[in-house]
Amino acid sequence: MTAWFESWGMMHGWAWFLATIIGILIIALPLMLAVAMIIYADRKIWAAMALRRGPNVVGPFGLLQSFADGLKVFLQETIVPAAANRGLFLLAPIITFTIALIVWAVIPFDAGVVLADINVGLLYILAASSLGVYGVIIAGWASNSKYPFYSALRAAAQMVSYEVSIGFVLISVVLWAGTFNLSGIVLGQEAHVFGLLNGYGFNPLLFPMAVVFLISSMAETARAPFDLTEAESELVAGYQTEYSSMAFALFWLGEYANVILMCALNAILFWGGWLPPLDIDLIPWFDIPGILWLFGKILFFFFVFSWVKATVPRFRYDQLMRLGWKIFLPLSLTFLFLISGYLMLVRYGVPA
Amino acid sequence: MIQTLAFYLFAIVVIAAAVLTITARNPVHSVLWLILAFFNAAGLMLIAGAEFIAMLLVIVYVGAVAVLFLFVVMMLDVDFAEMRAGFMRYLPFGLLLALVLAAEVIFAVAAWNAGGVDMGARIAPAAGDMPNIEAMGRLLYTRYLYIFEAAGLVLLVAMVGAIVLTHRTRGGTRPQNIARQVRRRPQDSTRNMKPSVGQGVEL
């Protein structure tokens, strides 16, 4: 787009600036809309599994429910507790929301359709997602209230624990793809198994890692069954207890933007991103735009997330830690060794 | 142009955040300023073209180390007045350290003005188009392999040491043994008793 603006006679710097701003808006605005609709979808799926109707009053089929909620939240009063640490209290939701948005800069939507095609894309995602915990910790501490503080401690321990196994999973994907660039990783999955199946998830050595990543991504976004940070039976509403109005809405939006991001990462890292699942032209298979494949996969994973939320009871905290440290960590470490050993044998050859 | 601006932005924020880290009254604020300093240092690395180091700085320091710092500091019950009281006592020592650092800086600048040292020449210049993860990996796993492995061993020993020193098995708890729970079968744990009238069940 930069070149297009330059052809209008703009200076390079300004053309780049304008193109980048437009690129950011093209990603961020539909993302906000997607968050609103995905909250609606979440509630509908959850309701259907509980044999309820879910939101059905505002708009046709209740489609406008999220917007009504947004409007309501917008019109409410922002309450800052007297004992709270004012600056940090207001900073926390901003951090959560910003972090949830900046990660989308490196997500490739189609071949070449990506805002920042940097060669450390995956590390950038890891870095940004490890920042996400600060929003929660700061919110919990700045509220100066017991339950939010417990929630913040839980969140910190939970996210740091699961990031360890997520790190190993990502490294095994990077080993196979040979690059940290997300577009490169997707392209590396083309015709990966038997020259037929697109996606590292179809590879028997990487499939267990895909499962570990799916479950860890639920833990990382603090979704059910790992939503101990806001376990309502124990902690009221967790770190958001003292928040109201837009500050609460920012947490809400950031949380769901993170969930969509994790679904997108599942699709991109293991299930071929914008590529169709099979590398043969069945129906007009390749004519379907890649972005639709990606969205389909994201929606599928979101359905899985909702499904799990509706059906799996919440973990106890010690069970959560056990799963992270005693099961996922050894498992992902073992597979990391297996994968690097296999690659040494097949791809590089073992000297002597 | 934009690089220069970005450099001054990051550099000023790093220094300001560092000053605020040591002057902030509240230890939690101190840690948060420290995090800001780490983050901007990563920005400086990015400008220097070391994007891998920048990302590692954010992932390791900001994402893990500082979270644990914050975790510990938040749970500490700190008496602010007492902390202030120590200020005068440590002042001479702090001034001495500052003096040594200032002398070193002056010395380094003078040495730099005198011309480069031969030892400072790069041993293995990386190709310009190579991503710096690759360049670094190539050096770490060939030329510096033994040093790298030794550093890894030191960290491993430190980790094992920390666990050995702090781990203790607590008595009097009944931890969950998940394997035993899964292994348990109904027929092993239930009995069908048919007690006749007037007789109880022996457990």
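Just so you know, these numbers come straight off a predicted model, no measurement behind them.

*Asks:* For this particular structure, what's the right way to read the overall build of chain A?
*Replies:* If you tally the helices and strands in chain A, you get 12 helices and zero strands. In chain A, the order of α-helices and β-strands from amino to carboxyl end is α-α-α-α-α-α-α-α-α-α-α-α. Rg of the C-alpha trace for chain A: 21 Å, near the compact-globule value of 20 Å for 352 residues, within the 12% margin. Its C-alpha atoms put chain A at 70 × 60 × 45 Å along the principal axes. Per-residue burial over chain A gives 52% buried out of 352 residues. Taking the contacts inside chain A whose residues are at least 6 apart along the sequence as the reference set, 74% of them involve residues at least 24 apart. When the accessible area of chain A is evaluated, it comes to approximately 15900 Å², of which 72% is carbon and sulfur surface. Within chain A, the 19 negative side-chain charges are centred at a point lying 12 Å from the centre of the 16 positive side-chain charges.

*Asks:* In this structure, what is going on with empty space enclosed by the protein? I would like to understand it.
*Replies:* Empty pockets left among the atoms are what a rolling probe the size of a water molecule brings to light. Residue and element names in this part refer to chain A. All chains considered together, the criterion is met by three cavities of 30 Å³ or more. Of the voids in this model, the largest cavity is the one considered here, and its volume is about 240 Å³. Contributing to the lining of the largest cavity are 20 residues, with G132, M159, E220, T221 and N258 lying nearest its centre. Of all the secondary structure elements, the ones that give two or more residues to the lining of the largest cavity are α4 (86-102), α5 (121-142), α6 (146-177) and α10 (245-270). Here the lining of the largest cavity gets six residues from one element, more than from any other, and that element is α10.

*Asks:* So what exactly am I meant to see when it comes to the domain arrangement of chain A here?
*Replies:* Size of an interface, as often reported, equals the accessible area lost when the parts are brought together. All names here are of chain A. Along its sequence, chain A is organised into domain 1 (32-70) and domain 2 (76-348). In this structure, domain 1 and domain 2 have C-alpha centres spaced 23 Å apart. Taken together, the contact between domain 1 and domain 2 spans 11 residues of the former and 16 residues of the latter. Taking both partners together, domain 1 and domain 2 bury about 1300 Å²; carbon and sulfur atoms supply 84% of that area. When residues of domain 1 are sorted by the area they lose upon contact with domain 2, I38, D42 and M49 head the list and together hold 40% of the total. As a salt-bridge pair, D42 and K309 come within 3.6 Å of each other at their nearest N and O atoms. Inspection of the region where domain 1 meets domain 2 yields three residue pairs in polar contact (both at pLDDT 80 or more). For the side of domain 1 that touches domain 2, the per-class residue count stands at nine nonpolar, no polar and two charged.

*Asks:* Would you explain the nonpolar core in this entry?
*Replies:* All names here are of chain A. Residues W104, I107, Y134, L182, F213, L269 and F270 are the most contacted members of the largest nonpolar core, which totals 118 residues. With 16 residues, α5 is the single largest residue contributor to this core. When neighbours within four sequence positions are excluded, I107 is seen to be in contact with V113, V114, I125, L182, L261, L265 and I268.

*Asks:* Is there a simple way to explain the confidence of the model for chain A in this structure?
*Replies:* As a general rule, the predicted coordinates of low-pLDDT regions are not to be interpreted in detail. Across chain A, the average pLDDT comes to 84, with 97% of residues at or above 70. Mean pLDDT across the secondary structure elements of chain A bottoms out at helix α1 (residues 2-6) of chain A, with 69, and peaks at helix α8 (residues 207-220) of chain A, with 89.

*Asks:* Before we go on, may I ask you to explain the pattern of salt bridges in this structure?
*Replies:* When charged atoms on two side chains of opposite charge get close, those side chains can pair. Residue and element names in this part refer to chain A. This structure, assessed with the given rule, holds five salt bridges over all chains. A salt bridge links D227 to R314; its shortest N-O distance comes to 2.8 Å. Pair noted here: D227 is in the loop between α8 and α9 (232-235) and R314 is in the loop between α11 (290-311) and α12 (317-348), with a separation of 87 residues, a long-range link. By relative accessible area, D227 is classed as buried at 13%. Through salt bridges with shared partners, one network takes in D42, R223 and K309.

*Asks:* I keep staring at unusual backbone geometry and nothing clicks. Help me out?
*Replies:* Negative phi is the rule for most residues except glycine; trans is the rule for most peptide bonds. Residues and elements named next belong to chain A. A positive phi is found at N144, a non-glycine position, where the angle reads about 55 degrees. Among the structural elements, N144 can be located in the loop between α5 and α6. Backbone geometry places A222, a non-glycine residue, at a positive phi of 55 degrees. As for its placement among the helices and strands, A222 is situated in the loop between α8 and α9.

*Asks:* How do you make sense of the UniProt feature "transmembrane region" (unreviewed entry) in chain A when you look at a structure like this?
*Replies:* All names here are of chain A. The UniProt entry lists residues 14-41, 88-109, 121-143, 164-187, 193-215, 249-271, 291-308 and 328-350 under the feature "transmembrane region" (unreviewed entry), expressed in the numbering used here. Here residues 164-187 is 83% helix and 0% strand, with 26 Å between the C-alpha atoms at its ends. Annotation note: span residues 291-308, helix share 100%, strand share 0%, distance between end C-alpha atoms 26 Å.

*Asks:* I would appreciate a short explanation of the packing of aromatic side chains in the present structure.
*Replies:* Here a ring pair, both rings aromatic, is described through the centre-centre distance and the interplanar angle of the planes. Residues and elements named next belong to chain A. Applying the stated criterion across every chain yields a total of 17 aromatic pairs over all chains. For the pair Y162 and F226, a centre-to-centre distance of 5.9 Å together with 50 degrees between the ring planes defines the contact as tilted. Of the two residues, Y162 sits in helix α6 while F226 sits in the loop between α8 and α9, which places them 64 residues apart along the sequence. A relative accessible area of 0% places Y162 in the buried class. Here F226 falls in the buried class, since its relative accessible area comes to 2%. Judged by centre distance (4.9 Å) and plane angle (80 degrees), the ring pair of Y243 and F251 falls under edge-to-face. Overall, F251 belongs to the buried group, its relative accessible area being 1%.

*Asks:* Honestly, the interface of chain B and chain A in this entry has me stumped. Any pointers?
*Replies:* On the chain A side, the residues contacting the 23 residues of chain B number 26 residues. Considering only the side of chain B, the residues that lose the most area to chain A are B:M55, B:I59 and B:M74, jointly responsible for 25% of the buried surface there. For the pair chain B and chain A, the number of links is four residue pairs in polar contact (both at pLDDT 80 or more). Among the elements of the structure, α2 (27-47) and α3 (51-75) of chain B are those that each provide at least two residues to the side of chain B that touches chain A. The greatest single-element share of the side of chain B that touches chain A, amounting to 13 residues, is contributed by α3(B). Here the residues of the side of chain B that touches chain A are counted per class, giving 18 nonpolar, four polar and one charged.

*Asks:* Would you mind showing me how to read helix α5 (residues 132-140) of chain B here?
*Replies:* Owing to its 3.6 residues per turn, the α-helix aligns residues three or four sequence positions apart on the same side. Every buried residue of α5(B) is accounted for by B:N132, B:I133 and B:A135. Viewed end-on, α5(B) has its buried residues packed into an arc of 165 degrees, placing them on one side of the element. Where the residues of α5(B) are buried, they touch α5 of chain A together with α3 of chain B.

About the thresholds
Residues numbered from 1 in each chain as written. Chains lettered and ligands numbered in written order. Predicted model: local features only at pLDDT ≥ 70, side-chain atom pairs only at ≥ 80, totals over all residues. Heavy atoms only, no water. Helix = DSSP H or I, 4+ residues; strand = E, 2+ residues; numbered from the N terminus. Rg over C-alpha atoms; globule rule 2.2 N^0.38 Å. Buried < 20%, exposed > 50% of the residue type's maximum accessible area, 1.4 Å probe, protein only. Contact = heavy atoms within 4.5 Å. Areas by Shrake-Rupley, 256 points an atom, 1.4 Å probe, with all protein chains shown as cover. Lys, Arg positive; Asp, Glu negative; His and termini not counted. Charge placed at Lys NZ, Arg CZ, Asp CG, Glu CD. 1 Å grid on protein atoms, 1.4 Å probe; cavity = no way out; pocket = protein on both sides within 12 Å on 5 of 7 lines; lining within 4 Å. Points joined across faces, edges and corners; volume = space filled by probe spheres on them. Domains from an automatic or database assignment. Buried area = accessible area lost by both parts, 1.4 Å probe. Salt bridge = Lys/Arg side-chain N within 4 Å of Asp/Glu carboxyl O. Polar contact = N/O pair within 3.5 Å; in protein donor to acceptor, adjacent residues only side chain to side chain. Nonpolar A, V, L, I, M, F, W, Y, C, P; charged D, E, K, R; others polar. Core = buried A, V, L, I, M, F, W, Y, C linked by side-chain atoms within 4.5 Å. pLDDT = per-residue confidence, 0-100. UniProt positions renumbered as here; feature names shortened; annotations may be inferred. Phe/Tyr/Trp six-rings, centres within 6.5 Å; stacked < 30°, edge-to-face > 60°. Arc of directions from axis to C-beta.

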